[in-house]
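Commentary on secondary and tertiary structure
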Amino acid sequence: MNGFLTYVPVILMGVWNTLILSTAGFLLATLLGLLMAFIEVFSPKPISITVDWVTRVLRGVPLLLALLLVFYGLPRVGIALPNIASAIIGITIVDSGYQAQLFRGAIEGVGERQLEAAYSIGLSKWAAFRYIIAPQAFRAALPGWLNEFTIVLKDSSIAYAIGVTELFTQAVHVAQVVLDYLQPLILVSIVYFSICYPLSIISERARRKLLAMGVAAV
Amino acid sequence: MKVVLEVSNLWKFFGKSPVLRGVSFSVREGEAKVILGPSGAGKSTLLRCINLLIKPDRGSIILDGEEVTAPGVNVARVRSKIGFVFQHFNLFNHLTALENVMLGLIKVKGMNRDDAFKVARESLLSVGISEDLWSKYPAQLSGGQQQRVAIARAIAMSPRLVLFDEPTSALDPELIWEVLRVMEKMSKERMTMIVVTHELGFAMKVADEVVFMDSGAIVERGPPEEVILRPRNERVRRFMERMQYVYSLK
């Protein structure tokens, strides 16, 4: 027991890397996902179909595979990255496929009627997007977007496979030293839970509030 | 009296099938024109062509002496001069009743918030939406209230004419009258309007001219008591007989 307690700070130090990994990967995936969603909704059919196909491929890649590919595979073609950068890129690539789908659904969900009404009072295409479509799509995407972050946060533990010293990796290392897996793993479970739970509460509140406003979340 | 709108020989095809087949009519200032006819007659398409939500394939539309179907016309500017009231209200879901009315005034007409508020207040009061409802979102309003806010949003822009596309078809029966009453009041105040509706009572009371459309063409037109009570065209007569069955209280 005492052996484990002295290692608690070591495990908790992994929280920083977990947060860096998941936040950076998630936000980059948001940028990329938004870009792909815009292209899918607003560009001519051939381009839109191609991008849609790309997002499907991205969603089909297991995160573990993406991480190994970036960290162990890319050096073969001369791109050698530190493991934390590789993990961020892997998370970005895979999650951008999911976020593209989320944002696309949110934009398309706003619907033709809102657009017609916007045009009918004389708003230009850009103004209709800026003042009607975007605010509604943003609201509709918010709960799903927050949920997506909790998924990325937990999946970032897969960076263990390429040796990033994040929360989960630290716990496993400590477990190997103190010869007990139970206590370190329960501790990290509590840490993951205490980050994810508040976010899922906020997401659920947002969803309910939006519903009362007549905006159905994606 | 001055002609506000002139539609000449308007054609529209969806794929190969014609939806509008050479429709022509004009609307004078202050006139209320009611368009009747079965589903699929092209009534909605006609209204959508007039405010350029749909581009007609042939023919011309002249608004206040300007041919708006000509190439190079600023579509948004034309639309800001035409109000449109939709069957499903189409209020902006993320904005309150007041903001729904103010948005166009600020973003299209370039008014400051104070001026926009004054105009919006007048419009909302004129359709009987009292101050306690101004901060409500569309989902918190009844259908009748939503449609009246939508009318306020249209008239706040001081349009040259207002188009109504079956404005009461999505309403509970008991709420229809509150919307029709507002429209009747607008007509009395000499607002120029074109109304697509199935409300024959409204057409009898308010219409200056009734136009009956079938299969993309106008088949009969005239004063409401002529077209509704003594139609000459066989198709119109059959339509009115069925309406008699539905609405007659005797």
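Remember, it's a predicted structure, so these values are computed and weren't measured experimentally. (Residues numbered from 1 in each chain as written. Chains lettered and ligands numbered in written order. Predicted model: local features only at pLDDT ≥ 70, side-chain atom pairs only at ≥ 80, totals over all residues. Heavy atoms only, no water.)

**Some points on the confidence of the model for chain B**
A residue-level look at chain B finds 100% of positions with pLDDT of 70 or above and a mean pLDDT of 95. Here the predicted complex scores 0.86 on pTM and 0.93 on ipTM. (pLDDT = per-residue confidence, 0-100.)

**Looking at the interface of chain B and chain A**
Contact with chain B, which involves 24 residues of that partner, is made by 20 residues of chain A. For the pairing of chain B and chain A, the buried interface totals around 2,000 Å² over both sides, and the portion due to carbon and sulfur atoms is 62%. Joining chain B to chain A, the criterion identifies 1 salt bridge. Measuring nitrogen to oxygen at the nearest pair gives 2.8 Å for the salt bridge that ties Arg48(B) to Glu116(A). Linking chain B with chain A are 7 residue pairs in polar contact (both at pLDDT 80 or more). Of all the secondary structure elements, the ones that give two or more residues to the side of chain B that touches chain A are α2 (75-79), β6 (82-85) and α3 (97-107) of chain B. Sort the elements by how many residues they give to the side of chain B that touches chain A and α3(B) lands first, with 3 residues. Considered class by class, the residues forming the side of chain B that touches chain A number 12 nonpolar, 8 polar and 4 charged. (Contact = heavy atoms within 4.5 Å. Buried area = accessible area lost by both parts, 1.4 Å probe. Salt bridge = Lys/Arg side-chain N within 4 Å of Asp/Glu carboxyl O. Polar contact = N/O pair within 3.5 Å; in protein donor to acceptor, adjacent residues only side chain to side chain. Helix = DSSP H or I, 4+ residues; strand = E, 2+ residues; numbered from the N terminus. Nonpolar A, V, L, I, M, F, W, Y, C, P; charged D, E, K, R; others polar.)

**A word on the sheet that holds strand β2 (residues 17-28) of chain B**
Residue and element names in this part refer to chain B. Taken in spatial order, the 4 strands of this open sheet run β2-β1-β4-β5, and their pairing is antiparallel. A strand with exactly one partner marks an edge of an open sheet, and here the two such strands are β2 and β5 (66-67). Relative to β5, strand β4 (residues 58-63) is paired through 2 bridges, and the arrangement is antiparallel. Its bridge partner lying in β5, Leu63 is registered against Glu66. With respect to the sheet, helix α1 (residues 43-50) is in contact with β1 (3-14), β2 and β4, its orientation differing from that of β2 by roughly 60 degrees. (Pairing = 2+ DSSP bridges. Axes fitted to C-alpha atoms, helices over the stretch in contact; angles between N-to-C directions.)

**Description of the packing of aromatic side chains**
Taken as a whole and judged by the stated rule, the model has 13 aromatic pairs over all chains. Aromatic side chains Trp11(B) and Phe13(B) sit 5.9 Å apart centroid to centroid with 15 degrees between the ring planes, which places their arrangement in the stacked category. On the basis of relative accessible area, Trp11(B) is assigned to the partly exposed category, the value being 22%. Seen from their ring centres, Phe117(B) and Trp134(B) are 6.1 Å apart, and the 75 degrees between their planes marks the pair as edge-to-face. Here Phe117(B) is found in helix α4 (residues 113-126), whereas its partner Trp134(B) is found in the loop between α4 and α5 (143-156), with 17 residues between them in sequence. The partly exposed category is assigned to Phe117(B), whose relative accessible area is 29%. Its relative accessible area of 5% is what places Trp134(B) among the buried residues. Pairwise contacts between aromatic rings join Phe38(A), Phe42(A), Trp126(A) and Phe129(A) into one cluster. For the cation-ring pair, Arg58(B) lies above Trp11(B), with the distance from its terminal atom to the ring centre recorded as 4.9 Å. Positioned above the aromatic ring of Phe92(B), the side-chain terminus of Arg153(B) is 4.6 Å from the ring centre. (Phe/Tyr/Trp six-rings, centres within 6.5 Å; stacked < 30°, edge-to-face > 60°. Buried < 20%, exposed > 50% of the residue type's maximum accessible area, 1.4 Å probe, protein only. Lys NZ or Arg CZ within 6 Å of the ring centre and 35° of its normal.)

**Considerations on the pattern of salt bridges**
On inspection of all chains with the given rule, the structure shows 22 salt bridges over all chains. For Arg28(B), the salt bridge is made with Glu31(B), and the minimal N-O distance between the two is 3.7 Å. When the shortest N-O distance is used, the salt bridge between Arg237(B) and Glu234(B) registers 3.5 Å. Within this pair, Arg237(B) and its partner Glu234(B) are both found in helix α9 (residues 234-247), separated by 3 residues, close to a single helical turn. Salt bridges here are not isolated pairs; linked through shared partners, they connect Glu40(A), Asp52(A), Arg56(A), Arg104(A) and Glu108(A).

**Topic: the sheet that holds strand β7 (residues 161-165) of chain B**
Residue and element names in this part refer to chain B. Ordered in space as β6-β7-β8-β3-β9-β10, the 6 strands form an open sheet in which the pairing is mixed. Edge positions in the sheet fall to β6 and β10 (217-222), since each of these pairs with one other strand and no more. Adjacent strand axes in the sheet meet at a mean angle of 20 degrees, parallel and antiparallel pairs treated alike. In terms of strand pairing, strand β3 (residues 32-36) meets strand β8 (residues 193-196) through 4 bridges, oriented parallel. Counterpart to Lys33 in the pairing with β8 is Ile194. The strands that α1 touches are β3, β6, β7, β8 and β9 (209-214); relative to β7, the one it contacts most, it runs at about 150 degrees. The sheet contacts of helix α6 (residues 173-188) involve β3, β7 and β8, and relative to β8 the element is tilted by about 150 degrees.

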